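Structure at a glance
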Amino acid sequence: MRVTDTAPHIAEHPQPPLGEKMRILGFVGSDAGRFKRFDEQTHQAARALEQAAKRGDGQSVIASFAALQNSCLACHQNFRKPFMEHFYGKP
Ligand code: HEC
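Residues numbered from 1 in each chain as written. Predicted model: local features only at pLDDT ≥ 70, side-chain atom pairs only at ≥ 80, totals over all residues. Heavy atoms only, no water.

This next bit is on the packing of helix H2 (residues 18-28) against helix H3 (residues 32-55). Their axes nearest at 8 Å, the elements H2 and H3 cross at an angle of 120 degrees. The orientation of H2 with respect to H3, classified from their angle, is oblique. Residue-level inspection shows Ile24, Leu25 and Val28 of H2 in contact with H3, the latter providing Ala32, Phe35 and Lys36. Tallied by class, residues from the contact of H2 with H3 come to 5 nonpolar, no polar and 1 charged. (Axes fitted to C-alpha atoms, helices over the stretch in contact; angles between N-to-C directions. Helix = DSSP H or I, 4+ residues; strand = E, 2+ residues; numbered from the N terminus. Parallel < 35°, antiparallel > 145°, perpendicular 65-115°, else oblique. Contact = heavy atoms within 4.5 Å. Nonpolar A, V, L, I, M, F, W, Y, C, P; charged D, E, K, R; others polar.)

For the rest of this paragraph, the subject is the coordination of the iron atom of the ligand. What the protein offers the iron atom of the ligand as a donor is a single atom, His76 (NE2), at 1.9 Å. Within the secondary structure layout, His76 lies in helix H4 (residues 58-88). (Donors = N, O, S within 2.8 Å, 3.2 Å for Na, K, Ca; no water.)

Let us look at the site of the ligand. Within the structure, the ligand sits among 14 residues, and Cys72, Cys75, His76, Arg80 and Tyr88 are positioned closest to it. Note that an oxygen atom of the ligand is positioned 2.7 Å from one of the side-chain N or O atoms of Arg80. In this structure, an oxygen atom belonging to the ligand sits 2.6 Å away from a side-chain N or O atom of Tyr88. Going through the elements one at a time, H3 and H4 are the ones with two or more residues in the shell around the ligand. If you tally residues by element for the shell around the ligand, the top one is H4, at 9 residues. Class assignment of the residues belonging to the shell around the ligand gives a composition of 9 nonpolar, 3 polar and 2 charged. (Near = heavy atom within 4 Å. Polar contact = N/O pair within 3.5 Å; in protein donor to acceptor, adjacent residues only side chain to side chain.)

This model, assessed by the stated rule, comprises 5 salt bridges. Note that Arg47 and Glu12 form a salt bridge whose closest N and O atoms lie 3.7 Å from each other. Of this pair, Arg47 sits in helix H3 while Glu12 sits in the loop between helix H1 (2-11) and H2; the two residues are 35 residues apart in sequence, bridging distant segments of the chain. Judged by its relative accessible area of 32%, Arg47 falls in the partly exposed class. Assessed through its relative accessible area of 52%, Glu12 is described here as exposed. For the salt bridge of Lys81 with Glu85, the shortest nitrogen-to-oxygen distance reads 2.9 Å. Here Glu85 and Lys81 lie together in helix H4, a separation of 4 residues that amounts to about one turn. (Salt bridge = Lys/Arg side-chain N within 4 Å of Asp/Glu carboxyl O. Buried < 20%, exposed > 50% of the residue type's maximum accessible area, 1.4 Å probe, protein only.)

Printed below as a string of structure tokens:
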């Protein structure tokens, strides 16, 4: 089943190399706590999605997939623009 295969890749995605992680955390600075909470929400939503898929609970797969997408969006809305400007030099 695709969802049960894929969700763990999101939940357990590899951490970036230490150097990159330091640059990211250095840049988010005092927002690091908020950034990590967004990251944690995404992990949790992905785990919930995996569980729902394993149970064969279609309703909850849809609901947790929506929660997962919201968690991606929430972090992007807060952090993506400044990241793009800072690390890639574009808006
Ligand atoms: C904790 C914050 C955070 C979470 C959670 C997050 N992202 Fe992102 N994402 C970013 C930031 C910051 C960037 C821009 C910097 C970069 O591309 O390196 C980005 C860039 C991206 C990009 C690159 C392409 C583009 O248009 O810039 C993709 C694709 C993406 N995210 C997908 C996702 C998906 C799918 C999820 C949810 C499963 C997710 N992200 C969750 C912070 C987050």
